[in-house]
Amino acid sequence: MAPISQYLLSDNAVVQNDQLVVGGISVSDLVAEYGSPLFIYDEDHVRARCEEAVSVFGSHATYASKAFSCRYMAKLVTDCGMGIDVATGGELEIALAAGVDPATITFHGNNKSLQELERSVNVGVGKIVIDSFDELERLEYLHSQNLSTVPNVLIRVTPGIKAETHDYVATGQDDSKFGLTVSTGDAKVCIDKADASPAVNLLGIHAHIGSQVFVVESFVKALRVLAEIAEPYDFDEIIIGGGIGVPYIDGERAPSITEWATTVRDEAKKLGIKAAIGIEPGRSIVAAAGITAYTVGTIKKVPGVRNFVAVDGGMSDNPRPIMYDSGYEAFCPNSMSDPRELTANVVGKHCESGDIIVVDAQLPKSISVGDLLVTPVTGAYGYGMASNYNGVPRPAVVFVSKGEAKLVRRRETIEDLLATDIF
Ligand SMILES: Cc1ncc(COP(=O)(O)O)c(C=O)c1O
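Residues numbered from 1 in each chain as written. Predicted model: local features only at pLDDT ≥ 70, side-chain atom pairs only at ≥ 80, totals over all residues.

### Considerations on the nonpolar core
At step 1: Ile 40, Ile 155, Ile 240, Val 346, Leu 373 and Val 398 are the most contacted members of the largest nonpolar core, which totals 127 residues.
At step 2: Ranked by residue count, the leading element in this core is helix 8 (residues 216–230), at six residues.
At step 3: Both domains that furnish three or more residues to this core are identified here as domain 1 (6–41 + 290–418) and domain 2 (43–286).
At step 4: Val 346 has contacts with Val 309, Val 311, Ala 330, Ile 357, Val 358, Ala 361 and Leu 373, leaving out every residue within four places of it along the chain. (Core = buried A, V, L, I, M, F, W, Y, C linked by C-beta atoms within 7 Å. Buried ≥ 20, exposed ≤ 12 C-beta atoms within 10 Å, placed from the backbone. Helix = DSSP H or I, 4+ residues; strand = E, 2+ residues; numbered from the N terminus. Domains from an automatic or database assignment. Contact = placed C-beta atoms within 7 Å.)

### Side note on the site of the ligand
At step 1: The local shell around the ligand holds 15 residues, among which Ala 64, Ser 211, Gly 242, Gly 282 and Arg 283 are the closest.
At step 2: Classifying every residue of the shell around the ligand gives three nonpolar, eight polar and four charged. (Near = placed C-beta within 6 Å. Nonpolar A, V, L, I, M, F, W, Y, C, P; charged D, E, K, R; others polar.)

### Points about helix 1 (residues 27–34)
At step 1: Regarding helix 1, the residues found buried are Val 27, Leu 30, Val 31 and Tyr 34. Down the axis of helix 1, the sector holding all buried residues measures 95°, keeping them to one side. Turned more than 90 degrees from where helix 1 packs its buried face, Asp 29 and Ala 32 sit exposed.
At step 2: With its phi angle positive at about 90°, Gly 35 sits one or two positions after the end of helix 1. (Arc of directions from axis to C-beta.)

### Structural notes on the sheet that holds strand 1 (residues 13–16)
At step 1: Sheet architecture is open: three strands sit in the order 1-2-3, paired in antiparallel fashion. At either margin of the open sheet sits one strand with a lone partner, and together these are strand 1 and strand 3 (25–26).
At step 2: In this structure, strand 2 (residues 19–22) lies alongside strand 3, joined through two bridges in antiparallel fashion. Residue pairing in the sheet places Val 22 in a bridge with Ile 25 of strand 3. (Pairing = 2+ DSSP bridges.)

### Description of the domain arrangement of the protein chain
At step 1: Domain parsing of the protein chain yields domain 1 (6–41 + 290–418) and domain 2 (43–286).
At step 2: Taking only C-alpha atoms, the centre of domain 1 and the centre of domain 2 are 31 Å apart.
At step 3: With 27 residues of domain 1 in contact, the opposing surface of domain 2 contributes 21 residues.
At step 4: Of all the secondary-structure elements, those providing two or more residues to the side of domain 1 that touches domain 2 are helix 11 (320–324), strand 19 (396–401) and strand 20 (404–409).
At step 5: If one sorts the elements of the side of domain 1 that touches domain 2 by residue count, strand 19 sits on top with four residues.

### So, the environment of Ile 40
At step 1: Its place among the elements puts Ile 40 in strand 4 (residues 38–42).
At step 2: Separated by 253 residues in the primary sequence, Ile 40 and Ala 293 place their C-alpha atoms 7.5 Å from one another.

### Re the pairing of strand 19
Here is the key point about a regular strand: its side chains alternate between the two faces of the sheet.
At step 1: For strand 19, the buried fraction is high: six of the six residues fall into the buried class.
At step 2: Here strand 19 shows two buried faces, one formed by Ala 396, Val 398 and Val 400 and the other by Val 397, Phe 399 and Ser 401.
At step 3: Here strand 19 runs beside strand 20; their pairing, made up of five bridges, is antiparallel. Residue pairing for strand 20: Val 400 is matched across the bridge by Ala 405.
At step 4: Counting the residues in the hairpin turn of strand 19 and strand 20 gives two residues, including Lys 402, whose phi is positive at 50°.

### Examining the packing of helix 4 (residues 89–97) against helix 5 (residues 114–123)
At step 1: Closest axis-to-axis distance for the helix 4/helix 5 pair is 10 Å, and the angle between their directions is 25°. Considering the angle they form, helix 4 stands roughly parallel to helix 5. Remark: the crossing between helix 4 and helix 5 carries left-handed chirality. Seen from helix 4, the contacting residues are Gly 89, Leu 92 and Leu 96; seen from helix 5, they are Gln 115, Glu 116, Arg 119, Ser 120 and Val 123.
At step 2: Classifying every residue of the contact of helix 4 with helix 5 gives three nonpolar, three polar and two charged. (Axes fitted to C-alpha atoms, helices over the stretch in contact; angles between N-to-C directions. Parallel < 35°, antiparallel > 145°, perpendicular 65-115°, else oblique. Left-handed = near helix turned anticlockwise from the far one by under 90°.)

Following this line, the structure appears as structure tokens:
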């Protein structure tokens, strides 16, 4: 197998002296400084994707911070002109702690508590996306308690579009926990209630059909449903969600943010939609910006059965393979030109046979204990979904740009693990 394809690497990843260099610093130098495993982000790649989204939608382009969130990231994306979407009170506090203007924040989630809603109204978040009748009632209750600010809201509707993606990240079909269903009439009832309610200022509607979607036509279909619902109203904004996919493995291709965004924008024009169209990409902004560097700890060969290369992380820093059967590639960043002729499962250090990071990875035959191993395209839903399973501290996260590295999340320690453990 040939060396790793350049298109699976970030914009500023190059090979120098057979080593992978990201943002001007080699992976091995970064690991020497910050330890292993390590999440490495190409900062200028993130910036370029944000600018791409903003170039089509301006401030109606919002970064879905669930993909990867920390204060540095929140500041970076909002400095690029994007808004920021948060799905819980915790993500809200990260954005606020980064100094993000609350007016640029959109508050999402399918079960916002009274406390989360109260906090978001009090700090003046720009938009709350109402996901259920219950949430509208909670906002009305808060209003009745003399909460003087009337928040801007959108109603999240479920358009009945099944995106072609893993079932766990498909959200636009009727059989979904998210949003108000269009086909049952609930969406219209909730829109009318919100429209008539003095407790909220209804800006428009929202839909998110799923994540890791490759087919742009699915968004077009969703937009047509939204246009129909919106027709009798004079909405300011219609948000089509996030969800455009990214390639994770060799041979996979996905539309660019520009292709996706311009198709959506052009369809909106054709449909005569007057409201501003908003998008909320997460994965497409940050996935390919990130790689994870691990160190090989053990190698097990079972002739005629399988080879296993075990690294010092696993499902605790990347649960996507075990959750969604997601595919990844792997390579050795210190021998980039070596043919990848060994087939092996890259596995983690957790007590699960399903703790597999890459099934049938292609690696150099010379791979040995102590070598670095990289999985590319781990910038989205990796660190964000990380856990402490088996008492494994989360890795550090470093952003790199033009030869400068910035530690944005320090490695967790055993003290961190014990901090909430009362004994
Ligand atoms: C409401 C909403 N918006 C945006 C996103 C971001 O999706 P993606 O990371 O696939 O672009 C999600 C992801 O689940 C979401 O639920």
